[in-house]
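Okay, here's what each chain looks like letter by letter:
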Amino acid sequence: MPNYVRWKEKGASYFFTVVTYRRRPIFRDANARRLLGRAMASTRRERPFDMFACVLLPDHLHCIWTMPEDDDNFSDRWGIIKSRFTKSFLDEGGIALPVTENRKKRCERGVWQPRFWEHRIRDEDNWYRLRDYIHLNPVKHALVAFPEDWEWSSFHRHVRLGWLDPHWPGVKGVEMPASFGE
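What you see is a predicted model; the values in this text were computed from it and never measured.

Novice: Where do I start with the sheet that holds strand β3 (residues 60–66) in this structure?
Specialist: In a beta sheet, neighbouring strands are held together by backbone hydrogen bonds and run either parallel or antiparallel to one another. Spatial strand order, β2-β3-β1-β4: four strands in an open sheet with antiparallel pairing. The sheet is open, and its two edges are formed by β2 (50–56) and β4 (117–120), each paired on a single side. The mean angle between the axes of side-by-side strands here comes to 15°, regardless of whether they run parallel or antiparallel.

Following this line, the structure appears as structure tokens:
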């Protein structure tokens, strides 16, 4: 098994990609979206982090978090979020896909892919390029024609706060990173 090394720094900002098991589109369902929101909110109350940007697609999500100044433990937070969501999802009639014997031995369920992908944000340019990637992701996946057409995105919050124009990116477009966590 590979030995994953995560670049952790207290108070740092990170870009994350978290994917459902076998890319099953469970977040097409309103109840699944609600349960994920509840799991994230309760985890955030107990183990704070700032979520600058986020987008939820049918089979994955991307977000940017900034950790508290004295904390770098994003892994525990994702574990809690995924665990809470899985429990409530299954309790409310959601179905886990079959998993291998090895995954069963580790008490894993067929709801999320194991682990998650993270990228330590290096500078302001990197920060905004990843924010743009998040908000353009529904367009990239051909779910909508414009970022403003995707309901489950922090794009709308950024517009309300005056950080983005309602018709961003306009006609000139935005340079997208080649691939981040897909």
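Novice: What is the right way to read the pattern of salt bridges from this model?
Specialist: Opposite charge on two side chains makes pairing possible when the charged atoms of those side chains draw close. Tallying each qualifying case throughout the model produces eleven salt bridges. Here lysine 87 makes a salt bridge to aspartate 91, at a shortest N to O gap of 2.7 Å. Remark: aspartate 91 and lysine 87 occur in helix α2 (residues 74–91); sequence separation between them is four residues, near one turn of the helix. For aspartate 91, a relative accessible area of 55% gives the class exposed. Through salt bridges with shared partners, a single network forms among Arg103, Arg106 and Glu108.

Novice: Before we go on, may I ask you to explain the nonpolar core in this structure?
Specialist: Counting residues in each nonpolar core, the largest one holds 28 residues, and the members touching the most others are Leu36, Leu61, Trp65, Trp78 and Phe85. Considering every element that reaches this core, the biggest residue donor is α2, with six residues. In this structure leucine 61 touches Phe16, Thr17, Val18, Leu36, Cys54, Val55, Leu56, Trp78 and Trp112, once residues within four positions along its chain are discounted. By size, the runner-up hydrophobic cluster in this structure holds 13 residues, among which are Leu57, Ile64, Val144 and Trp150.

Novice: For this particular structure, what's the right way to read the side chain of arginine 131?
Specialist: Note that arginine 131 resides in helix α4 (residues 124–140). Classification of arginine 131 by relative accessible area gives buried; the value is 8%.

Novice: Whenever I open this one, unusual backbone geometry confuses me. Can you help?
Specialist: Glycine aside, residues mostly have negative phi angles, and peptide bonds mostly take the trans form. In this structure, proline 169 follows tryptophan 168 across a cis peptide bond, with omega equal to 5°. Inspection of the secondary structure assignment puts proline 169 in the segment after α5 (155–160). Located in the positive-phi region is arginine 23, a residue other than glycine, with phi close to 55°. Relative to the assigned elements, arginine 23 resides in the loop between β1 (13–19) and α1 (30–46). Classification of arginine 23 as partly exposed rests on a relative accessible area of 29%. Not every positive phi belongs to a glycine, and arginine 115 is a case in point at roughly 65°. One can find arginine 115 in the loop between α3 (101–105) and β4.

Novice: Explain the packing of α1 against α2 to me, please; I cannot follow it from the model alone.
Specialist: Between two packed helices, the angle of one axis relative to the other and the distance separating the axes together describe the packing. Packing of α1 against α2 brings their axes to within 9 Å, and their N-to-C directions diverge by 140°. With respect to each other, α1 and α2 are oriented oblique. As α1 packs across α2, the resulting crossing turns out to be right-handed. Counting all contacts with α1, which are made through Ala32, Leu35, Leu36, Ala39, Met40, Ser42, Thr43 and Glu46, the residues of α2 involved are Arg77, Trp78, Ile80, Ile81, Arg84, Phe85, Ser88 and Phe89. Counted by class, the contact of α1 with α2 contains ten nonpolar, three polar and three charged residues.

Novice: Teacher, can you tell me more about α1 here?
Specialist: Since one α-helical turn is 3.6 residues long, residues separated by three or four positions face the same way. Between its first and last C-alpha atoms α1 spans 25 Å; for 17 residues at 1.5 Å apiece the expected length is 24 Å, and the two agree. The set of residues buried in α1 consists of Ala32, Arg33, Leu35, Leu36, Ala39, Met40, Ser42 and Thr43. Taken together, the buried residues of α1 touch β2, β3 and α2. The residue sitting at the N-terminus of α1 and contributing the capping side-chain oxygen is aspartate 29; that oxygen lies 3.1 Å from the backbone nitrogen of asparagine 31.

Rules used in this analysis
- Residues numbered from 1 in each chain as written.
- Predicted model: local features only at pLDDT ≥ 70, side-chain atom pairs only at ≥ 80, totals over all residues.
- Heavy atoms only, no water.
- Pairing = 2+ DSSP bridges.
- Helix = DSSP H or I, 4+ residues; strand = E, 2+ residues; numbered from the N terminus.
- Axes fitted to C-alpha atoms, helices over the stretch in contact; angles between N-to-C directions.
- Salt bridge = Lys/Arg side-chain N within 4 Å of Asp/Glu carboxyl O.
- Buried < 20%, exposed > 50% of the residue type's maximum accessible area, 1.4 Å probe, protein only.
- Core = buried A, V, L, I, M, F, W, Y, C linked by side-chain atoms within 4.5 Å.
- Contact = heavy atoms within 4.5 Å.
- Parallel < 35°, antiparallel > 145°, perpendicular 65-115°, else oblique.
- Left-handed = near helix turned anticlockwise from the far one by under 90°.
- Nonpolar A, V, L, I, M, F, W, Y, C, P; charged D, E, K, R; others polar.
- Expected span 1.5 Å × (residues − 1).
- Polar contact = N/O pair within 3.5 Å; in protein donor to acceptor, adjacent residues only side chain to side chain.

As far as function goes, none of this settles anything; it's purely spatial.
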